[in-house]
2 protein chains.
Amino acid sequence: MFIDLRDRSGIVQVVFNPAYSGEALTTADKVRSEYVLSVTGTVVKRDAETINKNLPTGELEVQITDIEVLNGSKTPPFFIEDGVEVDESLRLKYRYLDLRRPEMQKTLLLRSKASKIFRDFLDGEEFIEVETPILTKSSPEGARDYLVPSRVHSGEFFALPQSPQIYKQLLMVGGIERYYQIARCFRDEDLRADRQPEFTQVDIETSFLDRDTLLNMMERLMVRLFRETVGFELPTPFQRITHAEAMSKYGSDKPDLRFGLELVELNDIVANSGVKVFASVIEKGGEVKCLNAKGCGTWSRKDIDDLGVFAGRYGAKGLAWIQVKEGEFKGPIVKFFTEEEIAAVKERTGAEEGDLLLFSADNKKVVADVLGALRLKIGRQLGLIDDNVFKFAWVTDFPLLSYDEDAKRYVAEHHPFTRPNDEDLELFDTDPLKVRAQAYDIVLNGYEVGGGSMRIYKRDIQEKMFNALGLSPEDAYDKFGYLLDAFEYGTPPHGGIAFGLDRLVMLLSKRTNLRETIAFPKTASATDLLMDAPSPVENVQLEQLHIKLAKKPGEDKKEKENA
Amino acid sequence: MFIDLRDRSGIVQVVFNPAYSGEALTTADKVRSEYVLSVTGTVVKRDAETINKNLPTGELEVQITDIEVLNGSKTPPFFIEDGVEVDESLRLKYRYLDLRRPEMQKTLLLRSKASKIFRDFLDGEEFIEVETPILTKSSPEGARDYLVPSRVHSGEFFALPQSPQIYKQLLMVGGIERYYQIARCFRDEDLRADRQPEFTQVDIETSFLDRDTLLNMMERLMVRLFRETVGFELPTPFQRITHAEAMSKYGSDKPDLRFGLELVELNDIVANSGVKVFASVIEKGGEVKCLNAKGCGTWSRKDIDDLGVFAGRYGAKGLAWIQVKEGEFKGPIVKFFTEEEIAAVKERTGAEEGDLLLFSADNKKVVADVLGALRLKIGRQLGLIDDNVFKFAWVTDFPLLSYDEDAKRYVAEHHPFTRPNDEDLELFDTDPLKVRAQAYDIVLNGYEVGGGSMRIYKRDIQEKMFNALGLSPEDAYDKFGYLLDAFEYGTPPHGGIAFGLDRLVMLLSKRTNLRETIAFPKTASATDLLMDAPSPVENVQLEQLHIKLAKKPGEDKKEKENA
């Protein structure tokens, strides 16, 4: 009789035999799946014919002389094995069983190891780990805060931190010089597959280092992380690409650089084109760009229509295209082109026999979104993306500000503490959108895995920034006075970065969902299915916190039923 | 001209001289305290007569050729130096300046190092670091929860965890086998000097290990921690003392074992004593105990009266005493003793010439509180406590339950998941207060620095425990159903411990206040003086969270003014 005995390290086959097992055989007979056992026996080599080459322990077995059942088990609601096809909500409800599956164990182990490597590296570079508060102050800038009512101070609230940003800057003011923390952060936003209400970032801040020294140090950190977790040797230096170039060539501020298929701009060529929509878009300040889908010239009309539907999801009103067949441009719009335009487009896009040219004409954002998404889709479809490659790059020179059409004001592209480029300072008053930030993102295979900036460290510049964001001096001081004050007491130049640990682990472990990297994740509706949180609480708890529910429990439900 | 230039590593003297400094001299002349400088120069040996032996860099100076002022500074509100005598609230408001003081830097560095040692040790023992949620479920047992209203689920709340207790047990159910986390925990309690609303514990859980294997491993961890942080060599094994013995001998469940002065019980001797209060207390089931304050027999009446006042703070209604002078017992109560009683007391307490015997007669708790406090006070006063010694001990065999007179029910002494001693199981139904728990605290110099237990891992025992705590089966399942369910799917025997990191760092760095070990602590009224949190929030934030304030802002204040 055989039992596959599993612990964290793997599986071993234990054998019961009347020859040596005695009473243990009787007990073993009652053992069912997922029972917890303690066994005693002799490790022996298996007979040649029973060797299992698919198991690391496949050449061994353990001949059992004694067994104790430490705990029994009901039949689990799903099989404890990899690749199990079961509804995710069932896996989350029984997460304690799901975690027993080898791929979950492997991912949590990888995550633990990754944290250790971060820590060891930063420790070696003389960083100090400092814990910053979780109960902190609500900040009007940025995403929505999770709030915590105060019992001691009636009507007042703590907020959970969206990041330790201000605390880490104050640590630099405090002379800590090199700080890190693997920090829990919180954003009360509507969730997508790659967001969680609470997430973990490796938070780093340094004084006195210039940008390139910091980025080079972080490259060494990534090299060590990837070498020691997945054995991948990252080439250095990482590619550096400005935000403007990334948007122009790849239609994305987090380009997947594992493949080409760069976008090309055609404004100068088609400004007076017979394709009316091209000409009119350009007149209105928009853009016409083209993606050369190499070798897709033979795709069917249906295939191309499907691309059009896909492009529509990213805001495209239509998708113009040209196929290169038998040496000629083919397609409905070709007849509106002049010979010269065709020649110029051909040269600019490098169009060759069998290519498919896809055009987007719209405002800059839509063009980038549409062609950026098409580029990724087609790159994937053409097999241009090597899943075994990790391709890092730095995206630099982000704009400092963008204009929020809804709020009718400038907002910080990164955050309000990002230092503007010194040479752009005078643009603050004349052309704020042109001011570039000393900000940088680190992107990996099309994901943003981190980002940071050099920070403002002088009060007058910080005030200029708050002013640009529409904060009156009084409001600015009311909300960030402690920081403005701090900058007047000898603040060193400083800057830092934060890595998204969940996302890095997701990419390292080749998962596609952040929830797979977190032991006890929340669902897309921010629910913990295992513990059933959030949940109603006792009235007395609310009274102690000086709050009331806006609606009675259940009132919401009734309203919905009546609607 | 000299400037003491400081960075995280210390101070160095930089020198400006017309001979080599050029224009730098002019700039240096404008430098004030706490300015941030970048300097270039040559490191040279100082002349013999200018060597400063109090400074690690005292034999060197730097002759400056170039200087840049990176940032200026106003005059700080207090001196940036150790031992600064300034109101703590000012230090907390300007924490970024306070953190520049060498002793704060040293403490934060020590804390970072301690965390690293914990992690390295546990990593070496094959523990996996797993992060558990901060947004979790409110638990009716234990201290008061911090609550977080849910935006998505109207009328429902998350709670911040008082500890990751249940999650770490579920990780054991999930086959993680060895888990640790340096975890932030939250308790909304009224604060004392050694409490913070958020605190950090090194949280550890293991499967399959028995108690002694775990405790021995933890001893090795402490040995390494103390060796590598403060160079103190802890003797092992640590002393082990049962809860009953600790209460009896030291009047405390966290005895300071650096000195003796043990309490002795006198019930049998004084049960029929002429000292009426002794006899009546014993009759009522109370206790009479004595502390022999060695060598305090010469203390004045005033000194002894002061002890009485001190004892009163711990609940003593009076403090009976006897001095041993000229070979005889002296004091107001001596006349009520018989010769035999005097002889017996003398023998039991080891009273000698020059000793002072202090008596407490009351219920067990008051006697322990009073004599325990007197023991510490007198031990300190007599110089019996060596501040350079770290004396660890394990306190074991805590009672599982205690009786809450207010709630009129049993409550868990440790927590509801603690495993009872196997041999005490039958006492559950007959004499619940006699059931001992497989729980242990680790105490250091009179502080509890950690605690843990072997956990219940079978559903029937857990149900028995909930039942003892007065939870109906329905309520128990409603609140802890996920755990009861989990125990039915093959849960291994498990147990763990948690160390209070803040307190350990406090003791390692010989501070007396937890706030000194935390970069950004809260005050005793749970306020962050630096950021001014908690604070009022916008109405729209409350609306989104489906809550209202119970009182209008300011209403509290008005009520107080009217009162």
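Counting restarts for each chain: residues are numbered from 1 in the order of the written sequence. Numbering of ligands from 1 and lettering of chains from A proceed in the order in which they are written. Selection of residues for local features in this predicted model requires a pLDDT of at least 70, selection of side-chain atom pairs for listing and counting requires 80 or more, and totals for whole chains, interfaces and linings are taken over all residues. Think of the side-chain values as coming from all heavy atoms in the structure, minus any hydrogens and water.

Naming follows an unreviewed UniProt entry, where chain A appears as Aspartate--tRNA ligase of Paenibacillus pini JCM 16418. UniProt positions are given in the numbering used here, feature names are shortened, and annotations may be inferred rather than shown by experiment. On record in UniProt, under Function (unreviewed entry), the comment for chain A is "Catalyzes the attachment of L-aspartate to tRNA(Asp) in a two-step reaction: L-aspartate is first activated by ATP to form Asp-AMP and then transferred to the acceptor end of tRNA(Asp)." The annotation that UniProt attaches to chain A under Subcellular location (unreviewed entry) is "Cytoplasm".

Time to look at the relation of the copies chain B and chain A. In this comparison the copies share one frame, found by least squares on the C-alpha atoms of residues holding pLDDT of at least 70 in both. Superposition of chain B onto chain A requires a rotation of 180° combined with a translation of 0.0 Å along the rotation axis, giving an RMSD of 0.1 Å. The transformation relating the two chain copies, once decomposed into turn and shift, fits a two-fold axis. A contact between two residues is defined here by any heavy atoms of the two lying within 4.5 Å. Here 100% of the contact residues of chain B are again contact residues in chain A; the copies associate through an equivalent surface.

The next point concerns the UniProt feature "binding site: L-aspartate" (unreviewed entry) in chain A. Residue and element names in this part refer to chain A. Taking the numbering used here, the UniProt-annotated feature "binding site: L-aspartate" (unreviewed entry) corresponds to Glu 141, Arg 187, His 414 and Arg 455. Helix and strand assignments come from DSSP, with helices taken as H or I runs of at least 4 residues and strands as E runs of at least 2, each series counted from the N terminus. In this structure, Arg 455 sits in the loop between strand S20 (447-454) and helix H15 (459-468). Arg 455 gets classed as buried once you look at its relative accessible area, which sits at 1%. Excluding its chain neighbours within four sequence positions, the residues that come into contact with Arg 455 are Gln 165, Lys 168, Gln 169, Ile 204, Glu 205, His 415, Phe 417, Arg 419, His 494, Gly 495, Gly 496 and Ile 497. Polar side-chain contacts of Arg 455 include one of 2.7 Å to the side chain of Ser 453. Whether a residue is buried, partly exposed or exposed follows from its accessible area with a 1.4 Å probe, protein chains only, as a fraction of its type maximum: under 20%, in between, or over 50%, in that order. By the criterion applied in these results, polar contacts are pairs of N or O atoms within 3.5 Å in which, for protein atoms, one can donate a hydrogen and the other can accept it, and in which residues neighboring in sequence qualify only through two side-chain atoms.

Here we take up the domain arrangement of chain A. Reported domain spans reflect what an automatic or database domain assignment gives. Parsing chain A into structural domains produces domain 1 (2-75), domain 2 (108-233 + 440-516) and domain 3 (259-385). Taken over C-alpha atoms, the centre of domain 2 of chain A sits 40 Å from the centre of domain 3 of chain A.

To continue, consider the pattern of salt bridges. Residue and element names in this part refer to chain A. Here, a salt bridge means any side-chain nitrogen of Lys or Arg that lies within 4 Å of a carboxyl oxygen of Asp or Glu. Enumeration according to the criterion identifies 106 salt bridges over all chains in this entry. Measuring nitrogen to oxygen at the nearest pair gives 4.0 Å for the salt bridge that ties Arg 511 to Glu 103. Taken as a pair, Arg 511 in the loop between helix H17 (501-508) and helix H18 (539-544) and Glu 103 in helix H5 (residues 102-124) lie far apart in primary sequence, 408 residues in all. Looking at Arg 511, the relative accessible area reads 14%, which means it is buried. Judged by its relative accessible area of 25%, Glu 103 is partly exposed. Between Lys 522 and Glu 198 there is a salt bridge whose closest N-O contact spans 3.2 Å. Taken together, the positions of Lys 522 in the loop between H17 and H18 and Glu 198 in strand S9 (residues 198-207) put the pair 324 residues apart, joining distant regions of the chain. Each member of the pair Lys 522 and Glu 198 is classed as buried. Shared partners join several salt bridges into a network, and the residues in it are Arg 91, Arg 95, Asp 98, Arg 101, Glu 103, Arg 511 and Glu 516.

Attention now moves to helix H16 (residues 473-486) of chain A. Residues three or four positions apart in an α-helix share a direction because the helix packs 3.6 residues into each turn. One less than the residue count of a helix, multiplied by 1.5 Å, gives the span that helix is expected to have. The first and last C-alpha atoms of H16(A) sit only 16 Å apart over 14 residues, clearly below the 20 Å expected at 1.5 Å per residue. Residue A:Phe480 marks the point of greatest curvature in H16(A), where the axis turns by about 90°. Taken together, the buried positions of H16(A) are occupied by A:Ala476, A:Phe480, A:Gly481, A:Tyr482, A:Leu483, A:Leu484, A:Asp485 and A:Ala486. Where H16(A) is buried, its residues touch helix H6 (165-173) and H15 of chain A together with helix H4 (95-98) of chain B. Here the bend at each residue means the angle between axes fitted to two seven-residue stretches, the one ending at that residue and the one beginning there.

The next point concerns the environment of A:Val334. Here A:Val334 lies in the loop between strand S14 (328-330) and helix H12 (339-349). Along the backbone, A:Val334 and A:Val202 are 132 residues apart, and their C-alpha atoms lie at a distance of 52 Å.

Residue and element names in this part refer to chain A. Being paired, for any two strands, means DSSP has found at least two bridges between them. As judged from the two bridges shared by strand S2 (residues 10-15) and strand S4 (residues 60-71), these two strands associate in the parallel manner. Note on S4: the bridge partner recorded for Val 15 is Gln 63. Pairing geometry for strand S3 (residues 36-45) and S4, over 10 bridges, is antiparallel. When the bridges of S4 are listed, Thr 42 appears paired with Gln 63.

Here we come to the sheet that holds strand S14 (residues 328-330) of chain B. All names here are of chain B. Here we have five strands laid out as an open sheet, ordered S11-S12-S15-S13-S14, and antiparallel in their pairing. What marks the edges here is a single partner per strand, and that holds for strand S11 (263-265) and S14. Across this sheet, the average inter-strand angle for adjacent strands is 30°, counted without regard to direction. Strand direction decides the pairing type here: strand S13 (residues 320-325) and S14, joined by three bridges, are antiparallel. What sits directly across from Lys 325, in S14, is Glu 328. Geometry is summarised by axes, namely lines fitted to C-alpha atoms with helices restricted to the contacting stretch, and by angles between N-to-C directions that run from 0 to 180 degrees.

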